[in-house]
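The lines below spell out each chain.
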Amino acid sequence: MKDECKTLLDALNKVSACYRHLVTCAGGTSDSQNLREELKKTRQKAQVLANANKNKLTTILKDGTISKDDRAEFERLWVLFSTCMEILEMDMRRALDLGQVFPLSVPTKHLIQTGMIGRTSAVAARAMNVQNVKYEEGNDIDTVDLNELEQDINEVRGMIYEMEMKVNVLQWTVEAKQEPGTELKSPASAGASSLGMISVHGDGCKKLCDTSKICAGVMFTAVLLFAIALAACVVKFA
Amino acid sequence: MTIHTARIHTAKIQMACLAKMEKVIVAMQDPDIGVKMKYQKLLITAIPHAVTGTDIVEWLLQNLSLTEEESLHLGDLIVKYGYIYPLKDPKNFVLRADDSPYRFQTPYFWTSYKWPARELDYAIYLAKKNITRQGDLLDYEKDSYNLLHKRINHTWDFVVMQASEQLRAAKQRRKSDRIVLDCQEQAYWFVNRPPPGVINIMESAPKRNNIHTTKVKLNSAFYKREIEYYKKALTRSRVKSSMSLEGFVKRCDQYLLHDPIVSGCLPCNPWITSGTLFWTLNADIVTIPTRLRVERWAFNFGDLLHDPLGHQQFRYFLEREFSAENLSFWEACEDVQYGELSKVEEKVEAIFEQFLAAGASKWVNIDSKTMEKTLDGLQIPHRYVFEDAQMHIYMLMKKDSYPRYLKSDMYKSILARSIVPPETKKSMVPFMRWHRHANPGSAQMFYPKDGDGKGKDMTVSQLCRFSHPMANLGVFTGPNIPIHSEDAPSWSQSSLPSFCPGILPAATSPSCSCTDPKSLPLNTDEVSLETQDYTNVEDTKISENKEAEAEEDEFGWTTRC
């Protein structure tokens with residue numbers, strides 16, 4: 001039971017993180033037509049997952065026959081779920097706003113050149129657990145999508161309201177399981193650290209790295225040549 | 001956590017300045033006339049869409065037709081509000097007009113009041129940073145992190161989960177995009193959660209109570225009050241705007257010369273030049289008043305009475321006419337009105353005995369009706385018991401004594417005696433700073449002896465200054481003015497140009513005015529300052545025509561060299 005809920009919640013979490021990432025790219029230069037489609041698909045997936053989550057958790061919490069510890073655990077999951085929904089709703093509204101401000105079907109697009117030039121398809125693929133994302137929509141994704149988006153937002157809002165009405169969970173009574181700083185020990189940290197190093201060095205002392213790298217390269221090649229010369233001499237005279 | 005879902009979507013209006021900045025940013029992106037983009041060269045990659053500071057300033061200069069200073073300032077504002085962030089020095093949001101690189105912020109991260117930065121998002125960002133930097137957060141970030149952990153403890157697990165997921169999602173992008181994303185987020189949070197010591201641009205002043213937000217119950221009491229109010233408003237007497245405007249225009253015309261802002265202060269504006277001569281000349285009781293002051297007494301009776309010197313003069317006049325008791329009565333009533341509450345009773349008694357009782361020493365002539373009313377009111381003495389009587393006497397003086405005073409010899413003589421202090425100008429010698437204090441001796445030099453023709457000349461010529469703008473130029477001593485003359489200080493010769501135009505060119509020519517050292521000792525006596533006089537506008541224009549350079553330094557002094 002708990003595991004199912006957890007996996008569902010993780011899935012929703014993943015999808016909303018991807019959605020968030022995609023929304024940050026909206027209005028910029030990274031591939032906006034496909035981006036809108038990806039946004040739509042991700043959003044739909046998120047809604048499906050949200051519904052599933054909601055149904056499951058509501059039934060569990062309404063059921064009075066679970067133990068106290070279990071109940072506490074489910075309440076915690078409930079709180080996490082509602083925060084996730086909040087974030088999702090906010091991102092959806094941002095997406096609507098950005099979609100209206102930066103329409104794509106106009107002849108002269110005024111997209112902000114933000115420096116992001118890559119494609120976001122990989123993110124969307126991750127969100128939907130597929131290898132490749134198929135793009136089907138036509139060119140009028142702007143207007144059609146925005147209307148649908150509005151409806152979806154209303155749906156989500158309705159869902160949140162329903163949730164609050166049906167299940168009475170006191171949020172402040174839920175305590176976090178993780179202490180501050182536990183994320184440092186998580187496996188995600190190991191992989192992420194390398195990225196951190198790159199970005200740090202990338203922005204900062206580039207000149208210094210440049211010169212030191214060049215020196216190292218030069219020395220290495222010099223030593224290599226010397227070694228080759230020595231080997232040649234040895235072969236010749238041996 | 002939002003408890004009231006109905007209230008989530010309260011419409012918050014974007015600040016007007018931010019909307020305008022957004023328009024500028026979007027205009028900058030125009031493929032035809034937008035800003036030129038360059039590449040930011042990093043260690044391994046080159047990231048496009050970088051802009052240099054000079055490019056931004058130039059674009060603003062050309063496309064918005066601003067001056068250089070303005071475009072630099074505007075660019076700086078845009079950077080401060082986070083629409084463009086610096087790449088080389090990410091902790092310092094300042095626009096430098098050199099080739100330091102900047103980049104545009106993605107619209108999601110634009111500064112906004114519609115979408116304020118939330119604690120939850122900040123917590124997620126800090127968690128992400130914590131992971132990437134392996135715990136190496138800045139001090140204030142660490143504090144915020146701990147604080148947030150306490151505050152949103154209930155959803156902290158979600159924060160951690162979301163942070164790690166967001167990082168994993170970001171890994172799906174190219175390296176360069178990841179770097180850009182990092183920079184973007186860092187810039188966003190630098191603006192929205194500034195480190196201690198940096199100005200928080202999102203800070204707004206305390207909100208006033210908007211009358212439209214206070215709830216009013218629309219019940220019968222409310223409507224009754226409204227009806228009463230509008231009934232009274234209907235009966236209000238109204239003046240036609242043509243009449244009131246006429247009156248306003250007349251007043252402005254009359255007081256035009258007396259307004260120190262419009263017409264300047266003679267001799268010099270004490271707020272600008274720190275010279276107190278103006279106040280000395282216009283002190284309460286002074287033997288020789290200024291012309292403007294005396295002229296003002298003729299405008300209306302109130303002006304005369306409220307000016308201490310005028311009041312005194314009027315009293316002398318009334319004493320000559322043996323009707324001074326009116327003024328005394330009026331003064332006593334004023335005293336009651338504005339004096340101490342505890343002394344009101346005794347004052348009222350004293351007034352009654354002195355002025356109103358039958359056979360009083362200074363009996364005032366009030367009509368019977370007012371007298372009856374006043375005597376009735378005396379039963380319960382209060383401040384305003386003599387109001388009607390006072391008004392009656394005031395009107396009497398105004399209609400009777402006041403016009404006679406204005407026609408009297410007393411007034412005319414004091415008008416003739418009054419002086420017009422000359423404007424003081426700075427001497428044009430560069431490299432020397434004159435003391436900004438008035439030598440009282442110089443002012444006294446202007447008090448003409450009574451009946452002195454020379455004095456009359458001066459006053460007449462000073463009056464000419466307003467009609468003949470060239471008169472202002474005459475301060476600069478030319479070689480043809482005697483050096484040591486106590487009776488005629490250098491500026492008195494200002495009257496000469498109005499009659500002898502031939503002197504003018506010499507007076508304003510650079511050679512003689514600058515390098516005449518012998519004129520210096522005289523100039524020390526002057527209050528060598530210039531007033532911020534609007535009439536001087538003509539002054540400087542003419543001087544430009546004469547090709548004399550006039551520089552203004554920070555105190556508004558013009559030096560001509």
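Refer to the preceding data block for the structure.
Scope of this entry: the structure provided in the associated data block. Keep in mind the model is a prediction, meaning the values are calculated, not measured. (Residues numbered from 1 in each chain as written. Chains lettered and ligands numbered in written order. Predicted model: local features only at pLDDT ≥ 70, side-chain atom pairs only at ≥ 80, totals over all residues. Heavy atoms only, no water.)

Right, let's get into the packing of helix H4 (residues 119-132) of chain B against helix H7 (residues 175-192) of chain B. All names here are of chain B. Contact pair H4 / H7: the axes reach a minimum separation of 12 Å and the direction vectors enclose 130°. For the element pair H4 / H7, the angle class is oblique. In this structure, H4 crosses over H7, and the sense of that crossing is left-handed. Across the interface between the two elements, Asp121, Tyr122, Tyr125, Lys128 and Lys129 of H4 pack against Glu185, Gln186 and Trp189 of H7. In terms of residue class, the contact of H4 with H7 is made up of three nonpolar, one polar and four charged. (Axes fitted to C-alpha atoms, helices over the stretch in contact; angles between N-to-C directions. Helix = DSSP H or I, 4+ residues; strand = E, 2+ residues; numbered from the N terminus. Parallel < 35°, antiparallel > 145°, perpendicular 65-115°, else oblique. Left-handed = near helix turned anticlockwise from the far one by under 90°. Contact = heavy atoms within 4.5 Å. Nonpolar A, V, L, I, M, F, W, Y, C, P; charged D, E, K, R; others polar.)

Let us now look at the pattern of salt bridges. In this structure the tally under the stated criterion is 34 salt bridges over all chains. Its salt-bridge partner being Asp177(B), residue Arg173(B) comes within 3.0 Å of it at the nearest N-O pair. Asp177(B) sits in the buried class, given a relative accessible area of 1%. A salt bridge links Asp307(B) to Arg293(B), with the shortest nitrogen-to-oxygen separation between them at 3.0 Å. Placement of the pair is Asp307(B) in the loop between helix H14 (301-306) and helix H15 (308-321) and Arg293(B) in helix H13 (residues 291-297), with a sequence separation of 14 residues. A single salt-bridge network, built from bridges that share partners, covers Arg20(A), Glu86(A), Asp91(A), Arg118(B) and Asp121(B). (Salt bridge = Lys/Arg side-chain N within 4 Å of Asp/Glu carboxyl O. Buried < 20%, exposed > 50% of the residue type's maximum accessible area, 1.4 Å probe, protein only.)

Residue and element names in this part refer to chain B. If you walk through the whole model with that rule in mind, you get 25 aromatic pairs over all chains. Their ring planes at 75° and their centres at 5.3 Å tell us that Tyr108 and Phe109 sit as a pair that is edge-to-face. Classification of Tyr108 by relative accessible area gives buried; the value is 5%. Here Phe109 falls in the buried class, since its relative accessible area comes to 6%. An aromatic cluster is defined as three or more aromatic residues linked by ring pairs; in this entry it consists of Trp297, Phe301, Phe314, Phe317, Trp330, Tyr394, Tyr402, Tyr405 and Tyr411. Above the face of the Tyr122 ring, Arg193 is positioned so that its terminal group lies 5.4 Å from the ring centre. Above the plane of the ring of Tyr255 lies Arg251, whose end atom (NZ or CZ) is 4.1 Å from the centre. (Phe/Tyr/Trp six-rings, centres within 6.5 Å; stacked < 30°, edge-to-face > 60°. Lys NZ or Arg CZ within 6 Å of the ring centre and 35° of its normal.)

Everything listed here is a matter of coordinates, which is why it stays silent on function.
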